[in-house]
Amino acid sequence: MTGTAHPSPSQTPASPAPNGADRTLPRTVRDTLPLALDVAVEVAKLNGVCIRPIEVRRLDTHTGRTEPFDLPCGTTNEAKCPPCATRNKQLRKAQCREGWHLEVEPVAEPHPATDDQKWLITFRADVQAKRDAAEHAGRTDEVADWDEAIAGIDAEINAAGMRGTVTGGRTTPRRSRSTRRRQDTPDLPRRSRQNTTLGRTFTAPDGKVFRPSLFVTLTLPSYGKIRPGQGVPVDPATYNYAAAARDALHFSKLVDRFVQNLRRVAGYDVQYFATVEPQKRFAPHLHMAIRGTLPRAEIKQIAAATYHQVWWPQVDEVRFEGEHLPVWAEREERAEPYADGQSGDYLDSATGELLPTWDEALDRLDADETAEPLHVVRFGAQVDVQGVLAGSPDAHRRIGYLTKYLTKSLGETLDLDPAEDNEEEEAGPARAAVNRARRDHAARLIEALRYEPCSPACANWLRYGIQPKNAKPGMTPGRCKGKAHKAEHLGYAGRRVLVSRKWSNKTLRDHRQDRRAWVLDMLGLPGDDTVTDPHRYLWRPVSAKDPTRTPLPVRLLRGVANRHHTRARLDELRARADGRPTHNLSAITALGEAA
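Residues numbered from 1 in each chain as written. Predicted model: local features only at pLDDT ≥ 70, side-chain atom pairs only at ≥ 80, totals over all residues. Heavy atoms only, no water.

Caption draft 1: Local environment of the sheet that holds strand E14 (residues 537–541). Sheet architecture is open: three strands sit in the order E2-E1-E14, paired in antiparallel fashion. Strands at the two margins of the open sheet, each flanked by one partner only, are strand E2 (66–71) and E14. Taken over all neighbouring pairs, the strand axes of this sheet differ in orientation by 30° on average, direction set aside. Where strand E1 (residues 54–60) lies against E2, six bridges are found, and the strand directions are antiparallel. Paired with Glu55 across the two strands is Asp70, which belongs to E2. (Pairing = 2+ DSSP bridges. Helix = DSSP H or I, 4+ residues; strand = E, 2+ residues; numbered from the N terminus. Axes fitted to C-alpha atoms, helices over the stretch in contact; angles between N-to-C directions.)

Listed below in C-alpha cells is the structure:
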C-alpha cells in the first residue's frame with residue numbers, strides 16, 4: 001500500500017484528533033486518548049476474532065517448512081473472551097435445534113465385524129487363557145509378560161477399528177447399596193420399553209401430523225422465605241444455607257436420577273438437551289428440552305419421586321480445626337505400590353492416631369445396618385412443563401432461553417439485571433442496597449460451602465477425622481481446590497450443558513465441521529483433508545517464553561485482517577448470486593490482499 005491517509009468515518013477535517021505521539025500534549029488531554037492496543041482488542045471483538053489466540057506452529061515433514069497459526073482459545077466464559085463464548089453459544093443453539101424435533105432415528109448402526117477383527121479377538125482370547133493359566137500356577141514373572149502382550153493386543157484391536165476394550169471399562173468392584181425405594185416417596189408407573197428415541201405423533205382431523213416435544217424446568221426446594229424479585233432471604237438467620245450448599249453440590253446426581261426415572265416411565269429412550277443455570281437466590285435449576293411428550297401430571301409425578309442419597313460418612317463432629325490439624329507421615333517404601341495408591345497417611349498430631357482411609361470409612365458405613373445417608377437431595381414443588389411444536393416461534397424462543405446464560409459463570413449474576421427489572425423503586429440507591437444484600441447472601445452461601453466435602457477426594461474430610469481418597473501431603477481443610485468451592489460456581493461442579501448421546505448423533509466438533517464446510521462451500525474452496533494429515537504435519541504450541549513468539553497485538557491484527565478478507569469474499573459471492581454490483585466489494589477484497 002502507498003502512504004495515502006484514510007480519515008476515519010467519524011473524523012472530519014474541521015475537528016482533527018490530537019496526535020497521540022505528541023509528548024507536548026497536556027496530561028489531561030493524553031489521558032483521554034484511547035490506547036491503540038485497547039482499540040485493537042475492541043476491533044477484534046467486533047469482528048468475532050479471539051482476543052486470547054493460542055499460537056501454534058505446523059511443521060511439514062515433507063518439505064521442512066514451518067507455518068504459524070492462531071487457534072481460538074475456545075472458552076465458554078464471556079468475561080474471558082466474548083467472541084469465543086458467543087461462538088460456542090451459537091454451536092449449542094444449533095445442537096439443540098437439530099435434535100429437538102427429529103422425525104427419523106439419529107442412531108448409526110455399527111458396521112459388521114471384519115475377518116481381521118474377528119481373528120484379533122480370537123487371538124486375544126488365546127493369550128488371555130495362557131495368562132490366566134500362568135497366574136493359577138503362580139508364575140508371577142510370566143504373568144507380567146502376558147499382561148504386557150495383552151496391552152499391545154488391545155492397542156491393535158482399537159487400531160483395527162473397534163471401540164472400547166474386550167474386558168470392559170471397570171476393573172475394580174463397585175460399591176452398591178440396596179436399591180429399595182424410600183418409603184417417603186411415591187411409586188412410579190412403568191411402561192414396556194420400545195427401542196426408539198422418537199416420541200408419539202398425533203394426527204389432526206385434516207390429516208396433519210404433529211410430533212410435539214416438551215420444555216421442562218426443575219428447581220430445588222425452599223430453604224427459607226425469599227424477597228420477591230430480589231433473591232435474598234427475608235431472615236438470613238433462619239435461611240438453611242447448609243441444605244442449600246449440599247443440594248448444590250449433589251444437584252448433578254439428582255438430574256441423573258430424574259433422567260433414569262423419566263426413561264422408565266416413558267417406555268422409550270428419552271433424549272434431552274438441558275442446561276443448568278442459577279436462580280436469583282443462587283440455587284441451581286434445570287431447563288430441559290425433551291424429544292417427545294408425556295402428560296404433565298406424569299412429569300410432575302416423576303420429579304416428586306426422584307431423589308438422590310449421598311452415602312458418605314457423617315460430618316456432624318468436627319475433630320480438627322484451627323491450630324489442631326492432622327499431619328502427614330510417609331509410609332515405608334516398598335517395590336509394589338500400596339493398594340490405595342497413597343504414599344503416606346494423615347495422623348492426629350496430638351495422639352499419633354492414624355486416621356481411617358476413605359475405603360475404611362466406607363467399610364464402616366457399609367457394616368452399620370442402622371446408618372443413614374449423609375444427605376438426601378430432592379427437587380422442589382415448582383415444576384414447569386410446556387408443550388412445544390416444531391418450527392413454532394415458541395420453539396425458537398425456548399432455544400434462546402436454554403442458552404441465555406451459557407456465556408456466564410454461575411457466580412457472575414450477583415447483581416440484578418437492569419434489563420429484567422421494570423420497577424422504578426429498584427432504581428438508584430435502592431438497587432445498590434439490593435445488590436449489596438445479594439452479595440452478602442452469596443458470601444454466606446460460599447462460607448457454608450467452605451467446609452462441606454465436595455467429593456471423596458476433598459481435603460475437607462480431614463476436618464472430620466477421615467483421610468480423603470488418594471490423600472497426598474499438603475491437604476488442608478477449608479482450602480479444597482475443587483471446582484465446587486470456587487466462588488464463581490456456587491457449589492455446582494457439574495457440566496452446564498447436558499446432552500444425551502442420541503440427541504442429534506453429533507458432537508460439538510461435528511457442528512464445527514459443518515460450519516467450516518459451509519464457509520468453504522460458499523467461498524468455492526475444496527475441503528482438503530491433507531492440511532491436517534497427522535502423518536505429514538506436526539503441530540507444536542509456542543511457549544510464552546519463546547523469544548520468537550509473535551506478539552499478541554500482531555496476532556490480533558492478523559486475525560482481524562483474515563476475518564475481513566473472508567467476509568468480503570462472502571459478501572462478493574452473495575452479491576453475484578443476487579445480481580448486485582460487486583466492484584465496491586472487490587475493492588475491499590483487494591485492499592485486504594494488499595495489506
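Caption draft 2: Main features of the pairing of strand E5 (residues 213–218). Of all six residues making up E5, six are buried, and the element is well covered by its neighbours. Residues of E5 alternate between two faces, with Ser213, Phe215 and Thr217 on one and Leu214, Val216 and Leu218 on the opposite face, all of them buried. Relative to strand E12 (residues 383–388), E5 runs antiparallel, the two sharing six bridges. Directly across from Ser213, in E12, lies its bridge partner Val388. Pairing analysis gives five bridges linking E5 to strand E7 (residues 284–290), with the strands arranged antiparallel. (Buried < 20%, exposed > 50% of the residue type's maximum accessible area, 1.4 Å probe, protein only.)

Caption draft 3: Focus on the pattern of salt bridges. With the rule as written, the count across this model stands at 25 salt bridges. Between Asp348 and Arg319 there is a salt bridge, with the nearest N and O atoms lying 3.9 Å from each other. Of this pair, Asp348 sits in the loop between strand E10 (344–347) and helix H9 (358–367) while Arg319 sits in the loop between strand E8 (307–310) and strand E9 (327–330), and the two are 29 residues apart along the sequence. For Arg319, a relative accessible area of 28% corresponds to the partly exposed category. Arg569 is the partner of Glu572 in a salt bridge, and the nearest nitrogen-oxygen pair spans 3.8 Å. (Salt bridge = Lys/Arg side-chain N within 4 Å of Asp/Glu carboxyl O.)

Caption draft 4: Quick look at the confidence of the model for the protein. Looking at the protein, the pLDDT average stands at 85 and 88% of residues meet or exceed 70. Throughout residues 419–426 the model reports pLDDT below 50, and contacts reaching past four residues in sequence, or to other chains, amount to eight contacts. (pLDDT = per-residue confidence, 0-100. Contact = heavy atoms within 4.5 Å.)

Caption draft 5: Just the nonpolar core, in detail. Within the largest apolar cluster, 60 residues are counted, with the highest numbers of intra-cluster contacts made by Phe251 and Leu286. Considering every element that reaches this core, the biggest residue donor is helix H7 (residues 251–266), with eight residues. Among residues more than four places away in sequence, those in contact with Phe251 are Leu220, Val276, Pro284, His285, Leu286, Phe379 and Tyr492. Among the nonpolar cores identified, the runner-up in size contains twelve residues, and Phe273, Ile399, Leu402 and Leu406 belong to it. (Core = buried A, V, L, I, M, F, W, Y, C linked by side-chain atoms within 4.5 Å.)

Caption draft 6: Quick look at helix H5 (residues 140–159). Between its first and last C-alpha atoms H5 spans 29 Å; for 20 residues at 1.5 Å apiece the expected length is 28 Å, and the two agree. When H5 is considered as a whole, its buried residues turn out to be Val143, Ile150, Ile153, Asp154 and Ile157. Looking straight down H5, one finds its buried side chains confined to an arc of 105°; they lie on one side. More than 90 degrees from the buried face of H5, the exposed residues found are Asp141, Asp145, Glu148 and Ala159. Those residues of H5 that are buried lie in contact with helix H4 (115–136). Positive backbone phi, at 100°, marks Gly161, one or two positions downstream of H5. (Expected span 1.5 Å × (residues − 1). Arc of directions from axis to C-beta.)

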